[in-house]
Amino acid sequence: MSKGKYILVNGSFVPTEEYRISLPEAESIHFSEKVRSIRSAFPFLWETLEVIKLKLLIFNQSFPEFMNNDGSELKRQLERTLTKNKHFLGAVLILTFRFTDHQVHYTIQSEKLDSTGYELNEKGLYVRIFDEIQKSASSLSHLSIGSEIYWKVAQNRSENSMVDQLLLSNSEDQIIEIPESNIYLVKGKTIRGAGIEQGAYMDITRPLMLTIFERLNLKYSEDEGITNKDIQEAEEILAVNAIEGIRWIVGFEGKRYFNHTIRKISEMFNQSILN
């Protein structure tokens, strides 16, 4: 990815290399949300807006004015950032909120992607279970603000690993997610996932995925959680989030997985985004 040369700071552009934050800003409570852009479209923008509103409520903060009117002004600020950085095809925008001096401050930065739209990875991902630090279910575990510390630990561990991603587990030794993504297991005509009750992160793609499963006549279940045995017995495994779309997991320990159903899911996912 190529970072943009400008960052939008409270409505004004600042050269990226000149942008600095003060000590109070560094120590302030803050959170970020990522938004995918595909040419002039922002898939899942409404869903992202709802997550931002929820997080502002959790932190007892008022909504910035640019979030009014269903986020129309926020969309304009995202478009301004893409135009200023000349990121006209595929990009990721990172929207960060900081709470200082009883006010909500924001920045928007963009990073250009190599691909314009969502593309299924032809080279599958290799994964293993990370259970040294387990994530428990809580009132925040389904949100990124309750999951990020686990993701960062796992991502740092995977840098020195022979795998691409680590599967996170909960205190019941159930598999719940990989960093920033939901996982789904395919076996025949059934799909297994992890739910809020198990402490799983809920990506904003979840409602669309459930609709896709229904359209493909795939029966979805998350009541029993996902065990190591389920991973071993699965025929296909996919990871999904709103930024990268559908990703095929090809290997776990000595097991290898197909992607026949995943390709159908990916095709329907892309069709739904374009429509």
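Residues numbered from 1 in each chain as written. Predicted model: local features only at pLDDT ≥ 70, side-chain atom pairs only at ≥ 80, totals over all residues. Heavy atoms only, no water.

Enquirer: Where do I start with the packing of aromatic side chains in this structure?
Expert: The relation between two aromatic rings is expressed through the spacing of the ring centres and the mutual angle of the planes. Throughout the structure, instances matching the rule amount to 10 aromatic pairs. A centroid spacing of 5.3 Å and a plane angle of 80 degrees characterise the contact between Y118 and F269, whose relative ring orientation is edge-to-face. With Y118 in the loop between β6 (103-112) and β7 (125-130) and F269 in helix α7 (residues 260-274), the pair connects residues that are 151 residues apart, well separated along the chain. Assigned by exposure class, Y118 and F269 land together as buried. Where F213 meets Y220, the ring centres are 5.8 Å apart and the plane angle is 20 degrees; that geometry is what we call stacked. With a relative accessible area of 0%, F213 lands in the buried category. Each residue in the set F31, F59, F97 and F99 is aromatic and connected to the rest through ring pairs, giving one cluster. When the ring centre of Y118 is taken as reference, the NZ or CZ atom of R36 above it lies at 4.7 Å. Sitting over the face of the ring of Y6, K84 holds its NZ or CZ atom 4.6 Å from the ring centroid. (Phe/Tyr/Trp six-rings, centres within 6.5 Å; stacked < 30°, edge-to-face > 60°. Helix = DSSP H or I, 4+ residues; strand = E, 2+ residues; numbered from the N terminus. Buried < 20%, exposed > 50% of the residue type's maximum accessible area, 1.4 Å probe, protein only. Lys NZ or Arg CZ within 6 Å of the ring centre and 35° of its normal.)

Enquirer: What is the right way to look at the environment of R247 in this model?
Expert: Tracing the backbone shows R247 in strand β14 (residues 245-252). The exposure class of R247 is buried, given its relative accessible area of 8%. In this structure R247 touches L120, N121, L125, Q165, I178, S181, I237, L238, A239 and N241, once residues within four positions along its chain are discounted. At 3.1 Å, the side chain of R247 forms a polar contact with the side chain of E244. (Contact = heavy atoms within 4.5 Å. Polar contact = N/O pair within 3.5 Å; in protein donor to acceptor, adjacent residues only side chain to side chain.)

Enquirer: For this particular structure, what's the right way to read the layout of surface pockets?
Expert: Over the atoms, a rolled probe matching the size of one water molecule traces out where space is still vacant. Computed from the structure, the largest pocket encloses a volume of approximately 1,300 Å³. Taken together, the elements giving at least two residues each to the lining of the largest pocket come down to β4 (29-38), α2 (45-58), β5 (90-100) and α4 (148-159). With six residues, the top contributor of residues to the lining of the largest pocket is β4. Looking at the lining of the largest pocket, its residues break down into 19 nonpolar, 13 polar and 15 charged. (1 Å grid on protein atoms, 1.4 Å probe; cavity = no way out; pocket = protein on both sides within 12 Å on 5 of 7 lines; lining within 4 Å. Points joined across faces, edges and corners; volume = space filled by probe spheres on them. Nonpolar A, V, L, I, M, F, W, Y, C, P; charged D, E, K, R; others polar.)

Enquirer: How do you make sense of empty space enclosed by the protein when you look at a structure like this?
Expert: Applying the stated criterion across every chain yields a total of two cavities of 30 Å³ or more. Its volume calculated, the largest cavity comes out at about 50 Å³. When residues of the lining of the largest cavity are traced back to their parent elements, those giving at least two are β5 and β6. At three residues, the largest contribution of residues to the lining of the largest cavity is made by β6. By volume, the second largest cavity is sized at about 30 Å³.

Enquirer: Is there a simple way to explain the environment of Y126 in this structure?
Expert: On the secondary structure map, Y126 appears in strand β7. Y126 sits in the partly exposed class, given a relative accessible area of 33%. The spatial distance from the C-alpha of Y126 to the C-alpha of E224 is 24 Å, given a sequence separation of 98 residues. Ignoring sequence-local partners within four residues, the contact set of Y126 consists of V163, D164, Q165, V250, G251 and R256.

Enquirer: How do you make sense of the nonpolar core when you look at a structure like this?
Expert: Most often, soluble globular proteins keep nonpolar side chains buried together rather than apart. Ranked by internal contacts, the top residues of the largest apolar core, which has 52 residues, are L167, M209, I231, L238, I246, I265 and F269. Per-element tally for this core: the top contributor is β14, with five residues. Those residues in contact with L238, other than ones at most four positions away along the chain, are N182, I183, Y184, V186, M209, I246, R247, I262 and I265. In terms of nonpolar packing, the next biggest core, distinct from the first, is built from 20 residues, F31, I52, L78 and L95 among them. (Core = buried A, V, L, I, M, F, W, Y, C linked by side-chain atoms within 4.5 Å.)

Enquirer: When you look at the side chain of S169 in this model, what are you seeing that I'm missing?
Expert: Tracing the backbone through its elements, the reader meets S169 in strand β8 (residues 165-169). Within the structure, S169 has its side chain in polar contact with the backbone oxygen of F130 (distance 3.5 Å). Within the structure, the side chain of S169 is placed 3.4 Å from the side chain of Q134, a separation counted as a polar contact. Not counting residues within four places of it along the chain, the set of residues in contact with S169 comprises F130, D131, Q134, K135, Q174, I175 and I176.

Enquirer: Would you explain α4 in this entry?
Expert: What sets the pattern is the α-helix's 3.6 residues per turn: residues three or four places apart point alike. Under the 1.5 Å per step criterion, the end-to-end length of α4 is 17 Å for 12 residues, consistent within 8% with the ideal 16 Å. Contacts made by the buried residues of α4 are with β7, β8 and β9 (175-177). (Expected span 1.5 Å × (residues − 1).)

Enquirer: Teacher, can you tell me more about the side chain of T107 here?
Expert: Inspection of the secondary structure assignment puts T107 in strand β6. In contact with T107, other than residues within four places in its own chain, are I7, L8, V9, Y19, I94, L95 and T96.

Enquirer: Whenever I open this one, the packing of helix α5 (residues 206-215) against α7 confuses me. Can you help?
Expert: When two helices pack together, their arrangement is captured by the angle between the axes and the distance separating the axes. Relative to each other, α5 and α7 sit at 120 degrees, their axes nearing to 10 Å. With respect to α7, the element α5 is oriented oblique. Here α5 runs over α7; the crossing is right-handed. Here α5 contributes L208, M209, I212, F213 and R215 to the contact with α7, which in turn contributes I265, M268, F269, S272 and I273. (Axes fitted to C-alpha atoms, helices over the stretch in contact; angles between N-to-C directions. Parallel < 35°, antiparallel > 145°, perpendicular 65-115°, else oblique. Left-handed = near helix turned anticlockwise from the far one by under 90°.)

Everything listed here is a matter of geometry and, on its own, says nothing about what the molecule does.
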